[in-house]
Amino acid sequence: MADLQEASEHDETNEGEESHKIFRITIRCTNCLSCQKVCPTDTIYFGSQHFVIDTDDCIGCEICIQVCPEDAIRVIA
Ligand code: SF4
Ligand code: SF4
């Protein structure tokens with residue numbers, strides 16, 4: 001039980017930890033660069049047609065979602 005509580009508290013802080021969320025940039029993306037400029041881990045890059053997020057380095061801060069003018073970034077898990 002104590003272990004579960006500790007795990008829960010740990011998840012809430014999430015500082016410097018890898019995120020368990022998975023972010024996906026959808027086809028609504030217009031390649032405006034806003035998310036790439038603000039991402040603290042520099043994990044957003046240009047894919048074959050629009051920007052994509054490298055989930056291995058994403059810390060789940062959601063700053064990219066807040067700045068996206070097209071509402072193109074989704075948390076899918
Ligand atoms: S959630 Fe944060 S770390 Fe992850 S891609 Fe968006 S801005 Fe970058
Ligand atoms: S901020 Fe939104 S529209 Fe702009 S590049 Fe990022 S995902 Fe695409």
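All figures in this text were calculated on a predicted structure; none of them were measured in a lab.

### Points about the overall build of the protein
Along its length, the protein carries three helices and four strands. Helices and strands appear in the protein in the N-to-C order α-β-α-β-β-α-β. A buried classification covers 16% of the 77 residues belonging to the protein. A fraction of 64% describes how many contacts in the protein between residues 6 or more apart in sequence connect residues 24 or more apart.

### Side note on the site of ligand 2
Of all residues adjacent to ligand 2, which total 14 residues, the nearest are Cys29, Cys32, Ser34, Cys35 and Cys68. Here the residues of the shell around ligand 2 sort into 10 nonpolar, three polar and one charged.

### Focus: the site of ligand 1
Around ligand 1, 14 residues are found, and the nearest of them are Cys39, Cys58, Cys61, Ile63 and Cys64. Taken together, the residues of the shell around ligand 1 break down into 10 nonpolar, three polar and one charged.

### Regarding unusual backbone geometry
One non-glycine residue, Leu33, lies in positive phi territory at about 80°. Looking at where Leu33 falls in the secondary structure, it is placed in the loop between β1 (23–25) and α2 (34–38). Given 11 C-beta atoms within a 10 Å radius, Leu33 is considered exposed. Even without being glycine, Asp42 reaches a positive phi, approximately 55°. Tracing the backbone through its elements, the reader meets Asp42 in the loop between α2 and β2 (44–46).

### Details of the nonpolar core
Core analysis: the largest hydrophobic core is formed by 12 residues, namely Phe23, Ile25, Cys35, Cys39, Ile44, Phe51, Ile53, Cys58, Cys64, Cys68, Ala72 and Ile73. Looking at this core, the elements that each hand over two or more residues are β1 and β3 (51–53).

### Focus: the confidence of the model for the protein
Put simply, the protein has an average pLDDT of 81, and 75% of its residues get 70 or more. Note that pLDDT drops below 50 for residues 1–16; the model gives that stretch two contacts with residues more than four away or on any other chain.

### Focus on the environment of His20
As for its placement among the helices and strands, His20 is situated in the loop between α1 (2–13) and β1. Along the primary structure His20 and Gly60 are separated by 40 residues, whereas in three dimensions their C-alpha atoms are 7.5 Å apart.

Thresholds applied
Residues numbered from 1 in each chain as written. Chains lettered and ligands numbered in written order. Predicted model: local features only at pLDDT ≥ 70, side-chain atom pairs only at ≥ 80, totals over all residues. Helix = DSSP H or I, 4+ residues; strand = E, 2+ residues; numbered from the N terminus. Buried ≥ 20, exposed ≤ 12 C-beta atoms within 10 Å, placed from the backbone. Contact = placed C-beta atoms within 7 Å. Near = placed C-beta within 6 Å. Nonpolar A, V, L, I, M, F, W, Y, C, P; charged D, E, K, R; others polar. Core = buried A, V, L, I, M, F, W, Y, C linked by C-beta atoms within 7 Å. pLDDT = per-residue confidence, 0-100.

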